[in-house]
Amino acid sequence: MNPFIGSASLVLYFVTRCQASGTDIALDAKATLLHRIDSLNLLIYTCLLTLTVLTIWVFKHRRVSWLHETGLAVIYGLIVGAIIRYAGSTNQVTYIDAHPDANSNYNLSVPPDIVRFHFPDKQMSSGDVPVPNKTYAYSFRGEIVNVEQNEIDLKATFDPEIFFNIILPPIIFHAGYCLKRKYFFRNLGAILTFAMVGTALSALVIGSLMYGCVQLMPASLAASFTFLDTLYFGALISPTDPLTVLAIFSQLKVDVNLYAMIFGESVLNDAVALVLSGAIQNYEKRYSVDGGFEITAFLAAIGDFIGIFSLSLLVGALIGCLTALMTKFTHVRDWPLLESALFVLTSYAAFLIAEVFELTGVVAVLFCGICQAHYTYNNLSADSRNRTKQLFELLNFLAENFIFTYIGVSMFTFPKHHFDPWFIIAGFLTSMLGRAVNIYPLSFLLNLGRKPPIPMNFQHMLFFAGLRGAMSFALAIRNTVSEARQAMLTTTSLIVIATVVLQGGAATHALAYLRIPTGQGQNDENEALPYRDVRSLYQSTETSRPNGRMVVKWGKGESEVVMPWQLNSFEDTPHGGGDGGGEKARLARLWGAVDSKLLKPLLTHARPPLTETLPSFLRPLGRILTTTRQYTQSENSLRRTDSDSDLCIDEPQPVPTTIDPQLPYNIRNGYGNV
């Protein structure tokens, strides 16, 4: 064998191996660079949240109330987003133009999930050394708007599914977990009316008005919008997130019934808006042929809305009840860490199960949180109660502030914004009109049978508290392929920023202008609402009146008096019947009987045991489902540990039927600031 040929082959072998090694080194360097950019991206958001927390502490220390933490997060996000956008060095991202095979049968109207790029088999390197064939897979990210972008600018935008699958669930669950308060249930009729009927009505009004406005805009924009597009915009902009207003209500101790209506509506209308937007999309995809109005498709979409909402609610409630049974009939409470882990995992499973079966995970996790609070919480050990409360409170705080920070950053870094001034102005105006239609007509209808009625200043505050937030942004950013959806995202982001910063900052002045009473001193209902320093300033607005005496402070003294709604016969009070009249009272008593006599004894250690409440032929089953703890503990000890004892409809306790004549007239008749 010729030694020169053998040497050349050996050199070629080593050159090829070095070339392959050089390729691996280059790929490792690329991976390291991407890792550093990802770390820098997360570091930016971590620093923003840290700065927000420190600024919140300074504001609380200095008693600054004109700017809330969510407004701070948005402002800091805008500043950092502008820095990233305009101060970062712009570099061209490497790319290769690829075209689909002419013989491909793939539907080109929808981009593929993965593109596999094949290098030519005989591609030569710069040293005329053949490079072995490699295949790389590229995941679908979205439409390219600008090829020349900053690397960190690209990385500063997250996959929209992260919001729905990771960030939103703890926010919604925390809302449900803190919703087990009696003033919420006493105002349940008004809350359901505003959240369900009002949200749907608002979406319809906004969608119709926006469609009319779009037709008056330039043809290029009008051609990209259909009526279903504007209706979808109405659905996504209708949910409210009055976090700023509620925090100020907490600090100023505003009436708990007003608080409960605003808080309850904001919790439920998120779920309603999500299901409603899905129903609108299903109307176009599954039923409507050309996107026009079809009565059969419309009825089918309504059926979708009711069915998906109901099934999602059922999934969440079942998971909550299943967790309650597991914590009741096992000794997992002896290991609080395992108990807390089980609680968190089953709660998140409710969201995932609903999503797997094409339901709405947000609705499922909301009602799972309500059931966990009403039943499972009473079975947990003291350590697990504190741990789960603090954990979800922390997750809710971080997730809320992260979303508002990201909203600010994405205004400059997200590449798919479409700024159209006419569409933005129309969006602001129609969103306010939609909120007004939600509040004022429905309040008028509610007041026809509600005693006492919702005052006009409360109605104005309900309108003012219609801030937009996380749910609107998450729905808008989920799909930004078309020009219409990009315009929706830009308008939604601007509405969220404006309402959070401006309306949230003016909440204190709105309370003073509307002359809504605020109180000072110790709370008279420690478990009334998630914020324990909120107290009731006027009587309950439902027929289920609180029993027992009320302590009213006058100067440095205090006296125990009976208010009008505490009389044995509510019909003898100056206001007469409650919201919904006697039928609603009977319904409330029926639910209270079922809950206290069946559900709570079944799912918790509450008394009386099932052996006393079930029919005689079911007593053997009742003995199996009753624990020893239920037989041995006293009713009074249960009441001290049961966080939901105030929600059970108890038999009225005898109270004096006279009112202290020394009280002022407005207090004697159930009005005014106690």
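This structure is a prediction, so every number in the text was calculated from the model and none was measured.

A few points about the overall build of the chain
Looking only at helices and strands, one finds 25 helices and six strands in the chain. Here the chain holds 674 residues, and the buried ones make up 48% of them. For the chain, the accessible area works out to roughly 33500 Å², and carbon and sulfur atoms hold 63% of it.

Some points on the packing of aromatic side chains
Applying the stated rule across the entire model yields 20 aromatic pairs. On the basis of an interplanar angle of 75 degrees and a centroid distance of 6.0 Å, the ring pair of phenylalanine 173 and phenylalanine 343 is categorised as edge-to-face. Within this pair, whereas phenylalanine 173 is found in helix α4 (residues 160-177), its partner phenylalanine 343 is found in helix α12 (residues 336-356), the two being separated by 170 residues in sequence. For the ring pair phenylalanine 249 and tyrosine 259, a centre distance of 6.5 Å and an interplane angle of 50 degrees mean the geometry is tilted. One end of the pair, phenylalanine 249, is in helix α9 (residues 243-252); the other, tyrosine 259, is in helix α10 (residues 256-287), and 10 residues separate them in sequence.

Observations regarding the nonpolar core
Counting residues in hydrophobic clusters, the biggest one holds 129 residues, and the most contacted among them are Phe163, Phe194, Phe249, Leu258, Phe423 and Met461. The element that contributes the greatest number of residues to this core is α10, accounting for 15 residues. The contacts of leucine 258, once residues within four sequence positions are left out, are Phe249, Phe458, Met461, Leu462 and Ile516. In terms of nonpolar packing, the next biggest core, distinct from the first, is built from five residues, Ala317, Cys371, Tyr375 and Leu603 among them.

Here's the deal with a nonpolar patch on the surface
Among the surface-exposed residues, Ile295, Phe298, Leu299, Ile302 and Ile306 lie close enough to one another that they form a single nonpolar patch of about 450 Å² accessible area. In this fold, isoleucine 306 is placed in helix α11 (residues 295-329).

Points about the side chain of serine 472
Along the polypeptide, serine 472 turns up in helix α17 (residues 470-477). At 2.7 Å, the side chain of serine 472 and the backbone oxygen of leucine 236 are in polar contact. Ignoring any residue separated from it by four or fewer positions in sequence, one finds serine 472 in contact with Leu236, Ile237, Pro239 and Thr492.

Description of the confidence of the model for the chain
In this model, the chain carries an average pLDDT of 75, and 68% of its residues clear a pLDDT of 70 or more. Scored below 50 in pLDDT, residues 520-585 makes 180 contacts in the model with residues more than four places away or belonging to other chains.

Some points on the packing of α4 against α17
Direction vectors running N to C along α4 and α17 enclose 145 degrees, while the axes themselves pass 8 Å from each other. α17 is crossed by α4, and the crossing has left-handed handedness. In contact with Pro160, Phe163, Phe164 and Leu168 of α4, α17 contributes Ala470, Met471, Phe473, Ala474, Leu475 and Ile477. A class-by-class count of the residues in the contact of α4 with α17 yields 10 nonpolar, no polar and no charged.

Topic: α9
Taken across its 10 residues, α9 has eight buried, putting it largely inside the fold. Along α9, the positions that sit buried rather than exposed are Leu243, Thr244, Val245, Leu246, Ala247, Ile248, Phe249 and Ser250. Downstream of α9 by a residue or two, lysine 253 has a phi angle that is positive, lying close to 60 degrees.

A few points about unusual backbone geometry
In this structure, proline 608 follows arginine 607 across a cis peptide bond, with omega equal to 5 degrees. With respect to the element layout, proline 608 can be found in the loop between α20 (581-603) and α21 (610-613). Of note in this structure, glutamate 358 is not a glycine but carries a positive phi near 60 degrees. In this structure, glutamate 358 sits in the loop between α12 and α13 (361-374). Positive phi is not limited to glycine here, since arginine 515 has a value of about 55 degrees. By secondary structure assignment, the location of arginine 515 is in the loop between α19 (507-513) and β5 (550-554). For arginine 515, a relative accessible area of 74% translates into the label exposed.

Some details on the packing of helix α14 (residues 382-413) against helix α18 (residues 483-505)
For the pair α14 and α18, the least separation of the axes is 10 Å and the interaxial angle reads 125 degrees. With respect to α18, the element α14 is oriented oblique. Two packed elements cross with a definite hand, and for α14 against α18 that hand is left-handed. Packed against α14, whose contacting residues are Phe404, Ile407 and Met411, the element α18 presents Ser493, Leu494, Val496, Ile497 and Val500 at the interface. For the contact of α14 with α18, the residue count by class is seven nonpolar, one polar and no charged.

So, how was this worked out
Residues numbered from 1 in each chain as written. Predicted model: local features only at pLDDT ≥ 70, side-chain atom pairs only at ≥ 80, totals over all residues. Heavy atoms only, no water. Helix = DSSP H or I, 4+ residues; strand = E, 2+ residues; numbered from the N terminus. Buried < 20%, exposed > 50% of the residue type's maximum accessible area, 1.4 Å probe, protein only. Areas by Shrake-Rupley, 256 points an atom, 1.4 Å probe, with all protein chains shown as cover. Phe/Tyr/Trp six-rings, centres within 6.5 Å; stacked < 30°, edge-to-face > 60°. Core = buried A, V, L, I, M, F, W, Y, C linked by side-chain atoms within 4.5 Å. Contact = heavy atoms within 4.5 Å. Patch = residues over 30% accessible without salt bridge, like charges linked within 9 Å, V, L, I, M, F, W, Y side chains within 5 Å. Salt bridge = Lys/Arg side-chain N within 4 Å of Asp/Glu carboxyl O. Polar contact = N/O pair within 3.5 Å; in protein donor to acceptor, adjacent residues only side chain to side chain. pLDDT = per-residue confidence, 0-100. Axes fitted to C-alpha atoms, helices over the stretch in contact; angles between N-to-C directions. Left-handed = near helix turned anticlockwise from the far one by under 90°. Nonpolar A, V, L, I, M, F, W, Y, C, P; charged D, E, K, R; others polar. Parallel < 35°, antiparallel > 145°, perpendicular 65-115°, else oblique.

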